[in-house]
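So the chains spell out like this:
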Amino acid sequence: MGGGHDINPSTTTTSTMNSGGGNTGEALHASHFTRQRRAAVMHSHVRSSSSSGGHLHDLAADNNSDDHHRNHHHHHRGVYGGKNSMMSSGSNNNKRDFSHSKRTFRKQTLFGIVFGIVMMIALALGASLLAKVFVNTNTGSSPSSLSKMNNNNNNKRAEHAGVFSPVAEGDSRVERFMAKSNCTLNFFLAWTTSAAKFSLRYRRTVESTLKFHPGACLIVYSPTMQLDHFQRFWDLGYNIIVERPDVPYLIRGTPAEAWYQGIDKWKNGEYFFSHITEIIRLATLWKYGGVYLDTDVVVMRELDNLHNAVGTELADERGEAKVLNGAVLAFRKGSTFIHECMVEFNTTYRIDSWGWNGPQLVTRVAARFPQGPELQILPTIGFYPIHWAKVRKYFTDEDPADQHAVWERMKRETYLFHYWNKITVKLVPTPGSLMYKVLNNYCLFCEETGMDG
């Protein structure tokens, strides 16, 4: 009758009495124990399914439906069939549960292995990409500039394509650039603040330099500018690049190398960026030779005939130099004067003073250095025709007769005009003023104007 529901009451009573009272109690106890065990197994199975990420809701629903039928069926078999029937049923359930657990474990193990392999591949690809970015950054390569270079059929850019390729450690991208460009003269600038602040006024420094020296090499040391910042000039045929300042490489073998050992302390100083720019200009000129320019100058004539020259900022009544300035330096490679300046910088460095390590430094060294082939000192009209204490006037239309007279003399005698940016940075030149004429007469893109020019 195997679990039917139409059992005759009389048959049930007779069978129970023939089996004995003890067997009846034992069978009922076994049936109760079986239900408790199955419930415990079911609870364990549901927890296992949940932890393995399986379809918990569907699995529990199917098992509950099956167990309801099996419990009802085995309840009667337990009462009428005795202990052997219940033990066989429990054993089969245990085997099924154990088999399911093994399958779940295998699935989890396989998933873990596959996930681990995928993560290892992803990490390897990420590390490779980061390595390529790091190499390109430190060697001065730019994916955007490389792409532009490859797509441009300009013969001149193709000739200099090697300049943009990665270089080996210890090599110099600047040296390769100058060697391939066959430059007539080397110019160096430094820009350590935000690239966004390199406005029209400072761009005029680049334009005026290249206007009078179209065959020169112009290197702009900057940690902030994009390497293709001056792409527009390069496309027109000018030799200009942005280079990351590798100070340890520049000062290697120079007296400034000892100063750099204390860089962790010096970089906390108020004037650090001015001081690091000072050491860059000195080391660059000693290593390569050429002309260093501050970015607040406008070139007004050719500088090819300047050799080992520095300008006078302030002179006495007789015109003799009292204060020199290093905003413009034109020196040959390996200059003894520049070498002495680096010695002075290293031995007398002051973290708390801007002028001591700048204008005053070249003044101190020049005072004990004989003038001659190794040092020429230009009068104020050469680089600094207007003193910083009077320069504001020449951004306005005040006293036009005087401004015209100064302008005419500068056109005849001045190599370049240093307009003292620390004082004039917020001033906008009035049309017709001397500064307005300077900014808009020695340029390549003169039709372009800006808020500061």
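Structure: see above.
Everything numeric in this text was worked out from a predicted model, so none of it was measured.

Calculation rules
Residues numbered from 1 in each chain as written. Predicted model: local features only at pLDDT ≥ 70, side-chain atom pairs only at ≥ 80, totals over all residues. Heavy atoms only, no water. Helix = DSSP H or I, 4+ residues; strand = E, 2+ residues; numbered from the N terminus. Buried < 20%, exposed > 50% of the residue type's maximum accessible area, 1.4 Å probe, protein only. Contact = heavy atoms within 4.5 Å. Areas by Shrake-Rupley, 256 points an atom, 1.4 Å probe, with all protein chains shown as cover. Axes fitted to C-alpha atoms, helices over the stretch in contact; angles between N-to-C directions. Nonpolar A, V, L, I, M, F, W, Y, C, P; charged D, E, K, R; others polar. Core = buried A, V, L, I, M, F, W, Y, C linked by side-chain atoms within 4.5 Å. Pairing = 2+ DSSP bridges. Arc of directions from axis to C-beta.

I tried to follow the overall build of the protein chain on my own but got confused; where do I start?
Secondary structure assignment for the protein chain yields 19 helices and 9 strands. With 453 residues in all, the protein chain has 42% of them scored as buried. Partitioning the contacts of the protein chain with sequence separation of at least 6, the portion at a separation of at least 24 is 73%. Just so you have it, the protein chain exposes about 24,200 Å², and 57% of that area is on carbon and sulfur atoms.

Can you help me understand the packing of helix H17 (residues 400-413) against helix H19 (residues 434-441) in this one?
Between two packed helices, the angle of one axis relative to the other and the distance separating the axes together describe the packing. At a minimum axis separation of 10 Å, H17 and H19 run at an interaxial angle of 35°. Contacts between H17 and H19 pair Gln403, Val406, Trp407 and Met410 from the former with Leu434, Lys437, Val438 and Asn441 from the latter. Residue classes in the contact of H17 with H19 are distributed as 5 nonpolar, 2 polar and 1 charged.

In this structure, what is going on with the nonpolar core? I would like to understand it.
Nonpolar side chains tend to gather and get buried jointly when the protein is soluble and globular. Core analysis: the largest hydrophobic core is formed by 51 residues, its most contacted members being Val206, Phe230, Leu293, Phe417 and Leu434. The element that contributes the greatest number of residues to this core is H19, accounting for 4 residues. Once you skip the residues sitting within four places of it in the chain, Val206 turns out to touch Leu189, Phe198, Leu218, Phe230, Phe233 and Ile240.

Even after reading the chapter, I still don't get the environment of Glu175, so can you show me in this structure?
Positionally, Glu175 belongs in helix H7 (residues 173-181). The class for Glu175 is partly exposed, based on a relative accessible area of 32%. Residues in contact with Glu175, not counting those within four places in the same chain, are Tyr249, Lys287 and Tyr288.

Any chance you could explain the sheet that holds strand E4 (residues 290-293) here in plain terms?
The pairing of strands in a sheet comes from backbone hydrogen bonds and takes either a parallel or an antiparallel form. On the basis of which strands lie adjacent, the open sheet formed by 7 strands has the order E3-E2-E1-E4-E7-E6-E8 and mixed pairing. The open sheet terminates on both sides in strands that have one partner only, identified here as strand E3 (239-243) and strand E8 (376-378). In this sheet, neighbouring strand axes are inclined to one another by 30° on average, regardless of whether the strands run parallel or antiparallel. Where strand E2 (residues 217-221) meets E3, 5 bridges bridge the pair, whose relative direction is parallel. Paired with Leu218 across the strands is Ile240, a residue of E3.

So what exactly am I meant to see when it comes to H7 here?
Along an α-helix, residues three or four apart share an orientation, since each turn contains 3.6 residues. Of the residues making up H7, those classed as buried are Arg173, Val174, Phe177, Met178 and Ser181. Take H7 and look down its axis: the buried residues cluster within an arc of 130°, on one side only. One or two steps after H7, the chain reaches Asn182, where phi turns positive at roughly 50°.

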